[in-house]
Amino acid sequence: MSLESTSFQLMNAAAVVYAGAMFAFAYDFAKTSRFVQVADDDTAEAPVAVGASGAAAPVATRRSRSRGSDRTEALPEPRSKAAGIAVSLTFLAFGLHLVALTMHAVGVGRVPWANMYEFSLSAALAGVAIYLALLRPYRLRWLGLFVVAPALLTVGLALVVLYPRTSDTIAPNVDSYWLVIHVSAAAISGGIFTFGAAVTLLYLLRERAETRAAAGELAGRTSILMTRVPPAATLDRLAFRVHAFVFPLWTFAVVSGAIWAENAWGRYWGWDPKETWAFITWVVYAGYLHARVTAGWKGRRAAVIALVGFATFLFNYFGVNLLLSGLHSYSGV
Amino acid sequence: VGAVGWLRWGWRQLTSMRTALILLFLLALAAVPGSLFPQRGVDQAAVREYLADNPELGRVLDRLSMFDVFAAPWFAAIYVLLFISLAGCVLPRAWTHAKAMRARPPAAPRRLDRLAHSRSGVVDESPADVVEAARAHLRGRRFRVAVDEDDASIGAERGYLRETGNLVFHLALLVLLFAVAAGSVFGFRGNVLVREGYGFSNTLTQYDSITPGRFFSSSDLAPFSFTLRDFTATFRTDGNSVGAATSFSSTLEVTDEPGAEPRVVEIGPNKPLVVDGTKVFLVGHGYAPKFTIVDGEGETVFSEAVPFLPQDGAFTSTGVVKVPDALPEQIGLNGIFLPTASLDLERGPISTFPAPRNPAVFLSAWTGDLGLNSGRPQSVYRLVTDDMELIGRESLQPGDSWELPGGVGTVTFDGFVEYATFSVADDPGKWFALGAVVAMIGGVLLSLMIRRRRVWVRATRQDDGRTLVVVGGLGRTEAAPVDDDVAALLDALGVPEEEPVPVASPVMPS
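Cut-offs applied
- Residues numbered from 1 in each chain as written.
- Chains lettered and ligands numbered in written order.
- Predicted model: local features only at pLDDT ≥ 70, side-chain atom pairs only at ≥ 80, totals over all residues.
- Heavy atoms only, no water.
- Helix = DSSP H or I, 4+ residues; strand = E, 2+ residues; numbered from the N terminus.
- Rg over C-alpha atoms; globule rule 2.2 N^0.38 Å.
- Areas by Shrake-Rupley, 256 points an atom, 1.4 Å probe, with all protein chains shown as cover.
- Lys, Arg positive; Asp, Glu negative; His and termini not counted.
- Charge placed at Lys NZ, Arg CZ, Asp CG, Glu CD.
- Buried < 20%, exposed > 50% of the residue type's maximum accessible area, 1.4 Å probe, protein only.
- Contact = heavy atoms within 4.5 Å.
- Pairing = 2+ DSSP bridges.
- Salt bridge = Lys/Arg side-chain N within 4 Å of Asp/Glu carboxyl O.
- Expected span 1.5 Å × (residues − 1).
- Polar contact = N/O pair within 3.5 Å; in protein donor to acceptor, adjacent residues only side chain to side chain.
- Buried area = accessible area lost by both parts, 1.4 Å probe.
- Nonpolar A, V, L, I, M, F, W, Y, C, P; charged D, E, K, R; others polar.
- Patch = residues over 30% accessible without salt bridge, like charges linked within 9 Å, V, L, I, M, F, W, Y side chains within 5 Å.
- Core = buried A, V, L, I, M, F, W, Y, C linked by side-chain atoms within 4.5 Å.
- pLDDT = per-residue confidence, 0-100.
- Axes fitted to C-alpha atoms, helices over the stretch in contact; angles between N-to-C directions.
- Parallel < 35°, antiparallel > 145°, perpendicular 65-115°, else oblique.
- Left-handed = near helix turned anticlockwise from the far one by under 90°.
- Phe/Tyr/Trp six-rings, centres within 6.5 Å; stacked < 30°, edge-to-face > 60°.
- Lys NZ or Arg CZ within 6 Å of the ring centre and 35° of its normal.

**Quick word on the overall build of chain B**
Argument step 1. A tally of helices and strands in chain B yields nine helices and 23 strands.
Argument step 2. Computed over its C-alpha atoms, the radius of gyration of chain B comes to 37 Å, more than 25% above the 24 Å expected for a compact globule of 510 residues.
Argument step 3. If one aligns the C-alpha atoms of chain B with their principal axes, the spans along those axes are about 125 × 60 × 55 Å.
Argument step 4. Of the accessible surface of chain B, which amounts to about 25,700 Å², a share of 55% is contributed by carbon and sulfur atoms.
Argument step 5. Positive and negative side-chain charges in chain B, numbering 46 and 58 respectively, have mean positions lying 15 Å apart.

This is the structure:
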């Protein structure tokens, strides 16, 4: 059996474990949210999981002299067996994913992001890696469902739809060291954009729950679920930091693409559909960063802009590769 | 409100962040049709095809510049307004920042305990010693420090580079726009097809198509020339992508300038030829079957390799031969060249592999008036058969001859050569553009990573002879680690851990 087919089997196994992690996270999410009103955000410093099963971790006080004081705003994590299992399964799936992708890379003798199958797997791996890296310092168990679910979706799409249609050859013009630089930056950006979009989406839901709670409305189903996530203000800050981190990386991905284009096609910018949409994504996220510091645009509006930015990124990947023709259509489906 | 008032109001509106945001989104929105409709700057043929398929809609879209989105007046209007708005916002800010860089950090406010990040404690050292220790500590942590010895207080601030980075980013964006503009008015792009064994010299007339910038003059063309010695492509012969290209390579004999010693250069994907800032890229390839044609009067009137255009991935290629000098009648050939010929029952003659395993041509011969003297421009790849008559069809393999019906002549398929298409480009603005984007990335990193904050210290002698130290901090940007700064400063000053809250009002010196 070739390395690639072993890798494919292993990747399927990883997908199954991701699915297990997703269900465990979902169970934990539903179980540890409680039938209480979301606290009004004015009391953001207070722990929110008011009714959470009694085991609130001590919230570090503002007076703490520990470094990284901004981390103290993380939510006290309710102790949950399901969440523990989910995290273990995520680590296991990540390990399988990493090994499978490495085997694939060795098998094809190049970096594993030269076609859509490989790019999807690499971007999903990057998203999960960022999550696992931040899981402990930022206490991000509550976010697990919203990272693992899109990762599983991406991996599933790669295995079921993209793999059977993927060519076993890459075009000679892709075979350049810029493939390593440009496409890896794009894949990692993709993983982080997904992460940022998940936090932003939760921010919007939580913000609405808080507004309703402040208006004295009865908690709906979403409001109850939103007791599991940190206060809107915290989510907003986290979303901003994720996007502030990924924006320079995305800028670099676009710029390195331009440098490659100059060396491959003789112009650094030619409004090829892929370039056009990379530009649109860049402009929309730049808009988000500005909106976030503009009166009347911060909060919900800025969050919506970030989600629009993510949508343009997704379109650039799936829409441009599969629907539009252009110089980037060699991506081997 | 007079005219000046309105102007001032308009300027304020234009340079407001709200307007900049709206323009930013308009720009993103305006770019969308550029990816959905074929663009003249990218693919002229696709635009012509679209217009032919949708004449009604196409005309409307064309009037709206939908096929030249990125050269459209409305697109230019958006980005010009955006850049004016940007300049109007950034330049005054740069001025303010330049002044702030030279100014001292602000003095300590009277009530430090009212700041969000405020802590205090009592130590035994004298106020002067505390202030000196605080100054040394803050300097060590790369704060700018202003000491007020009379008040025994310090104002300190760090993170100025955040605004510097922010301004560098936006100013570099302006530079980028000018670099792009400079490249498009001083540079050029051209395309040329060269057959194996033939040459090209870098002059305007040798290009098949050329797009010079507005201020580009033909004397700017670097005086090099080259001969295409050999073109080689290799293809997959197994796996699930049989026929996919695995390598392209052209061997050129290049003369950098008239009289220079020729050098042999191999170019390929991602490996252009560079002569004096001009780059030559290998962008395509195809086959040029070679025909020799003897006319009805026994004269050899044609002997040349004719480039045929590939129609599919297996290089089923089409082309035409026009022989205006043939007597008694002009001869035209419509041809299909197949590197690996096979006859498909439904689709007719078709190639099944891109490399020449079984080369053949399928020809249809026409006689009559080629229409070359009608004054109407003609494509060299299309035979105008309005005044011509089809006299026969034949398939030939290399070396075969075909005697045309009616004694109008003989066609010999001598064989074929390969040809390569090259894109030649010079963009003198690109180095400025590269410098600008490097500055942009550096600037955006600084502006997003650096967090600006202020710290103040005041030391006051208490009635018991000890010294009350009050420290206050203010984050000037989101998530500034002011608590860390305050905590580290208290540690450095030897203020005991955890003092009871709340902080008592300090005894102010009378």
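**Observations concerning the overall build of chain A**
Argument step 1. Scanning chain A from N- to C-terminus turns up nine helices and zero strands.
Argument step 2. The order of helices and strands in chain A, counted from the N terminus, is α-α-α-α-α-α-α-α-α.
Argument step 3. Put simply, chain A has 333 residues, and 57% of those count as buried.
Argument step 4. Counted over contacts in chain A with a minimum sequence separation of 6, partners at least 24 positions apart contribute 82%.
Argument step 5. Of the roughly 13,400 Å² that chain A leaves accessible, carbon and sulfur atoms contribute 66%.

**What about the sheet that holds strand β19 (residues 388-396) of chain B?**
Residue and element names in this part refer to chain B.
Argument step 1. Spatially, β13-β14-β15-β18-β19 is the arrangement adopted by the five strands of the open sheet, whose pairing is antiparallel. If you trace the sheet from one side to the other, it starts and ends with β13 (309-310) and β19, each paired once.
Argument step 2. With two bridges connecting them, β13 and strand β14 (residues 317-323) associate as antiparallel partners. Counted as the bridge partner of Leu309 is Thr318 from β14.

**Regarding the pattern of salt bridges**
All names here are of chain B.
Argument step 1. The tally for this structure, following the rule as stated, stands at 25 salt bridges over all chains.
Argument step 2. Between Arg141 and Asp485 there is a salt bridge, and its shortest N-O distance comes to 2.7 Å. Taken together, the residues Arg141 in the loop between α6 (127-140) and β2 (144-148) and Asp485 in helix α9 (residues 482-493) connect sequence positions 344 residues apart.
Argument step 3. Take Asp485: its relative accessible area is 2%, and that puts it in the buried class.

**Focus on helix α3 (residues 116-138) of chain A**
Residue and element names in this part refer to chain A.
Argument step 1. Given a rise of 1.5 Å per residue, 23 residues ought to cover 33 Å, and the 32 Å separating the end C-alpha atoms of α3 matches this to within 8%.
Argument step 2. Where α3 begins, the capping side chain belongs to Asn115, and its oxygen is found 3.2 Å from the backbone nitrogen of Tyr117.
Argument step 3. Of the residues trailing α3, Arg139 is marked for its positive phi of about 50°.

**So, the interface of chain B and chain A**
Argument step 1. If you look at the interface, chain B gives 67 residues, while chain A gives 56 residues.
Argument step 2. Of the roughly 4,900 Å² buried at the junction of chain B and chain A (both faces included), carbon and sulfur atoms supply 62%.
Argument step 3. For the interface between chain B and chain A, the tally reads two salt bridges.
Argument step 4. A salt bridge links B:Lys430 to A:Glu262; the shortest N-O distance between them is 3.0 Å.
Argument step 5. Across the chain B-chain A interface, the total number found is seven residue pairs in polar contact (both at pLDDT 80 or more).
Argument step 6. Elements supplying a minimum of two residues to the side of chain B that touches chain A: α2 (17-36), β1 (117-123), α7 (160-186), β8 (245-255), β11 (278-295), β21 (409-426), α8 (430-449) and α9 of chain B.
Argument step 7. Among the elements that line the side of chain B that touches chain A, the one with the most residues is α2(B), at 12 residues.
Argument step 8. The class makeup of the residues in the side of chain B that touches chain A is 41 nonpolar, 10 polar and 16 charged.

**Thoughts on unusual backbone geometry**
Argument step 1. With an omega of 5°, the peptide bond between B:Leu327 and B:Pro328 qualifies as cis.
Argument step 2. Relative to the elements of secondary structure, B:Pro328 occurs in the loop between β14 and β15 (330-338).
Argument step 3. Notably, A:Trp271 is not glycine yet its phi reads approximately 55°, a positive angle.
Argument step 4. Owing to a relative accessible area of 21%, A:Trp271 belongs among the partly exposed residues under this scheme.
Argument step 5. Of note, the phi angle at B:Phe315 is positive, near 60°, even though the residue is not glycine.

**Quick look at the pairing of strand β12 (residues 300-305) of chain B**
Residues and elements named next belong to chain B.
Argument step 1. Direction of pairing for β11 relative to β12: antiparallel, over a ladder of five bridges. Bridged to Ile293 within β12 is Phe302.
Argument step 2. From the end of β11 to the start of β12, which pair antiparallel, there are four residues, and Gly298 there has a positive phi angle of about 85°.

**Some thoughts on a nonpolar patch on the surface**
Residue and element names in this part refer to chain B.
Argument step 1. On the surface, Trp11, Val80, Leu81 and Ile84 cluster together into a nonpolar patch covering about 340 Å² of accessible area.
Argument step 2. In terms of residue count, the dominant contributor to the nonpolar patch is helix α5 (residues 73-102) (three residues).
Argument step 3. Within the fold, Trp11 resides in helix α1 (residues 3-14).

**A look at the nonpolar core**
Argument step 1. Ranked by size, the top nonpolar core spans 142 residues in total, and within it A:Tyr131, A:Leu143, A:Phe247 and A:Trp250 carry the most contacts.
Argument step 2. For this core, the element with the most residues is helix α7 (residues 232-265) of chain A, which contributes 18 residues.
Argument step 3. When residues no more than four places from it in sequence are discounted, the contact partners of A:Tyr131 are A:Phe25, A:Leu140, A:Arg141, A:Leu143, A:Gly144, A:Val147 and A:Phe195.
Argument step 4. The next biggest cluster of nonpolar side chains, apart from the first, holds 28 residues, and it includes B:Leu221, B:Phe224, B:Ala355 and B:Ala420.

**Here we look at the confidence of the model for chain B**
Residues and elements named next belong to chain B.
Argument step 1. Looking at chain B, the pLDDT average stands at 88 and 97% of residues meet or exceed 70.
Argument step 2. Here residues 499-510 is a poorly scored stretch, pLDDT under 50, and it has 15 contacts once near neighbours within four places are set aside; other chains count.
Argument step 3. Scored as a complex, the prediction yields pTM 0.85 and ipTM 0.84.

**Concerning the sheet that holds strand β3 (residues 153-158) of chain B**
Residues and elements named next belong to chain B.
Argument step 1. Ordered in space as β1-β23-β22-β3-β2, the five strands form an open sheet in which the pairing is antiparallel. Two strands in the sheet have a free side with no partner beyond their single neighbour: β1 and β2. On average, each strand axis in the sheet is inclined to that of its neighbour by 15°, with strand direction left out of account.
Argument step 2. As paired strands, β2 and β3 are joined by five bridges and run antiparallel to one another. Pairing of Val147 across the sheet is with Ile154, part of β3.
Argument step 3. Running at roughly 165° to strand β22 (residues 453-461), α6 makes contact with β1, β2, β3, β22 and β23 (467-475) of the sheet.

**Side note on the packing of helix α8 (residues 273-291) of chain A against α2(B)**
Argument step 1. Their axes nearest at 9 Å, the elements α8(A) and α2(B) cross at an angle of 165°. When the axis of α8(A) is compared with that of α2(B), the two are roughly antiparallel. As for how α8(A) packs across α2(B), the hand of that crossing is left-handed. Judged by residue contacts, A:Pro273, A:Thr276, A:Trp277, A:Phe279, A:Ile280, A:Val283, A:Val284, A:Ala286, A:Gly287, A:His290 and A:Ala291 of α8(A) engage B:Met17, B:Leu21, B:Leu24, B:Phe25, B:Leu27, B:Ala28, B:Ala31, B:Val32 and B:Ser35 from α2(B).
Argument step 2. Its residues placed into classes, the contact of α8(A) with α2(B) shows 16 nonpolar, four polar and no charged.

**Comments concerning the packing of aromatic side chains**
Argument step 1. What the rule picks out here adds up to 39 aromatic pairs over all chains.
Argument step 2. When the centroid spacing of 4.4 Å and the interplanar angle of 55° are considered together, the rings of A:Trp277 and A:Phe315 count as tilted. With A:Trp277 in helix α8 and A:Phe315 in helix α9 (residues 300-322), this residue pair connects regions lying 38 residues apart in the sequence.
Argument step 3. Owing to a relative accessible area of 9%, A:Trp277 belongs among the buried residues under this scheme.
Argument step 4. When its relative accessible area of 26% is taken as the criterion, A:Phe315 is described as partly exposed.
Argument step 5. Plain terms: the ring middles of B:Phe188 and B:Tyr207 are 6.2 Å apart, the flat faces sit at 75° to each other, and that makes the pair edge-to-face. Of this pair, B:Phe188 sits in strand β4 (residues 188-195) while B:Tyr207 is found in the loop between β5 (199-201) and β6 (209-212), placing the two residues 19 residues apart along the sequence. Here B:Phe188 matches B:Tyr207 in class, with each residue buried.
Argument step 6. Clustering of aromatic rings is evident, with ring pairs tying together B:Tyr287, B:Phe291, B:Phe308, B:Phe315, B:Phe337, B:Phe413 and B:Phe416.
Argument step 7. Across the ring face of A:Trp297, the terminal group of A:Arg301 is positioned such that the distance to the ring centre comes to 4.8 Å.
Argument step 8. Across from the ring centre of B:Tyr160, 4.3 Å away, lies the NZ or CZ of B:Arg144, which sits over that ring.

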